[in-house]
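# Summary of structural features
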Amino acid sequence: MEIDKVGCYPFLAEPFHCDVSRRLFMGHLGNHLLNAADFHSQHRGFGMTFLGTINKTWVLSRLAIEMEEMPPMYTQFNVETWVENAMRFFTQRNFKVADSKTGKVFGYGRSVWAMIDTDTRQPANLLEINDGAINDYVERDKPCPIDKVSRVNVANDAPLVASFVTRYNDIDINGHLNSVKYIEHVLDLFDLEWYASHRLKRFEIAYVAEAHIGDTIHIYRELDDDGLTFRFRMAKVDNETGDDVEICRNLATFVNQ
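Description of the structure in this document. (Residues numbered from 1 in each chain as written. Predicted model: local features only at pLDDT ≥ 70, side-chain atom pairs only at ≥ 80, totals over all residues. Heavy atoms only, no water.)

Bringing unusual backbone geometry into the picture now. Its identity is not glycine, yet arginine 22 carries a phi of approximately 65°, on the positive side. Structurally, arginine 22 is set in the loop between β1 (7-12) and α1 (26-43). At aspartate 131, a position not held by glycine, the phi torsion is positive, near 55°. Within the fold, aspartate 131 resides in the loop between β5 (105-117) and β6 (160-165). (Helix = DSSP H or I, 4+ residues; strand = E, 2+ residues; numbered from the N terminus.)

So, about the nonpolar core. Met26, Leu29, Phe77, Tyr182 and Met234 are the most contacted members of the largest nonpolar core, which has 59 residues in total. Of all hydrophobic cores here, the second largest spans five residues; its members include Val152, Ala158, Tyr220 and Leu251. (Core = buried A, V, L, I, M, F, W, Y, C linked by side-chain atoms within 4.5 Å. Buried < 20%, exposed > 50% of the residue type's maximum accessible area, 1.4 Å probe, protein only.)

Summed over all chains, the structure comprises zero disulfides. No disulfide involves cysteine 8; its sulfur sits 15 Å from that of cysteine 144, the nearest cysteine. Here cysteine 8 falls in the partly exposed class, since its relative accessible area comes to 44%. The thiol of cysteine 18 is not disulfide-bonded; the next cysteine sulfur, from cysteine 8, is found 20 Å away. (Disulfide = S-S within 2.5 Å.)

Moving on: the side chain of arginine 44. Topologically, arginine 44 is positioned in the loop between α1 and α2 (48-53). Of the side chains bearing the opposite charge, aspartate 4 lies closest to the buried arginine 44, which forms no salt bridge; the N-O distance is 6.3 Å. (Lys, Arg positive; Asp, Glu negative; His and termini not counted. Salt bridge = Lys/Arg side-chain N within 4 Å of Asp/Glu carboxyl O.)

Take the environment of aspartate 226 next. One can find aspartate 226 in the loop between β8 (216-223) and β9 (229-237). Classification of aspartate 226 as partly exposed rests on a relative accessible area of 46%. Sequence separation between aspartate 226 and phenylalanine 254 is 28 residues, and the spatial gap between their C-alpha atoms is 10.0 Å. One polar contact links the side chain of aspartate 226 to the main-chain amide nitrogen of leucine 228, over a distance of 2.8 Å. (Polar contact = N/O pair within 3.5 Å; in protein donor to acceptor, adjacent residues only side chain to side chain.)

So, about the pattern of salt bridges. Inspection of the entire model under this criterion finds 12 salt bridges. Its salt-bridge partner being glutamate 66, residue arginine 202 comes within 2.7 Å of it at the nearest N-O pair. Residue arginine 202 is located in strand β7 (residues 198-207), and its partner glutamate 66 is located in strand β2 (residues 56-67); the two are separated by 136 residues in the primary sequence. The burial state of arginine 202 is the same as that of glutamate 66; both residues are buried. When salt bridges that share partners are traced, they join Arg23, Glu69 and Lys104 into one network.

The next thing to look at is the packing of α1 against helix α3 (residues 179-187). Orientation of α1 relative to α3, taken along the N-to-C sense of each, is 165°, at an axis distance of 9 Å. With respect to α3, the element α1 is oriented roughly antiparallel. For the pair α1 and α3, the sense of crossing is right-handed. Judged by residue contacts, Met26, Gly27, Gly30, Asn31 and Leu34 of α1 engage Ser179, Val180, Ile183, Glu184 and Leu187 from α3. Of the residues assigned to the contact of α1 with α3, the class counts are five nonpolar, four polar and one charged. (Axes fitted to C-alpha atoms, helices over the stretch in contact; angles between N-to-C directions. Parallel < 35°, antiparallel > 145°, perpendicular 65-115°, else oblique. Left-handed = near helix turned anticlockwise from the far one by under 90°. Contact = heavy atoms within 4.5 Å. Nonpolar A, V, L, I, M, F, W, Y, C, P; charged D, E, K, R; others polar.)

Honestly, that's just the spatial picture; any functional story needs more than this.
This is the structure in structure tokens:
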């Protein structure tokens, strides 16, 4: 039986996954996108379950989410996902978020993934996995009308605005800081008053290195001249030298509301 190149998966904006505006948290939306990516790859022969048998896994490298509106509480919505391009060490995967009843589009996402060997932690050739199964599902013609993930630039002298120590709930199945937790820790830097008058339109993250439980994480932030675009650098403290080791960069773009 032939499987479509594009996967479509239903989700619900559950009340306890929504903020005070009664709309879905960006972090929970991020989780739904990653779940859709997992479902899509699992059903097509290059998912985490199969990769685990050959000591490989997917690692999220970059993610951009751009929303015109977050799904309101109790909204049933679909996440469509598809592979736009597959190269030797990276694949580009896109997302579309839309109301499952009306078809109203809430927003889109773009992501870049790498495959690594779980023993060596080195890149693996994803085109060799399952006889190159991923090539059968590349869909280049479906539009994703948002910009690709940019190279987020953050000044070296950006001020330190927060620090935290990673704990149990920060850690994922691979034993390192969960991809979405990076997003949540950054968005926690803004208070409710800010969110009452501003809407998060776009969030970007570029992952650089892994963090593990017990790591001390520093967050540095700078503001663009528009007053609405924030750039962040997150770094873990090296336990031996005390130096910062960059783990990711983030960009959050807000609009007035």
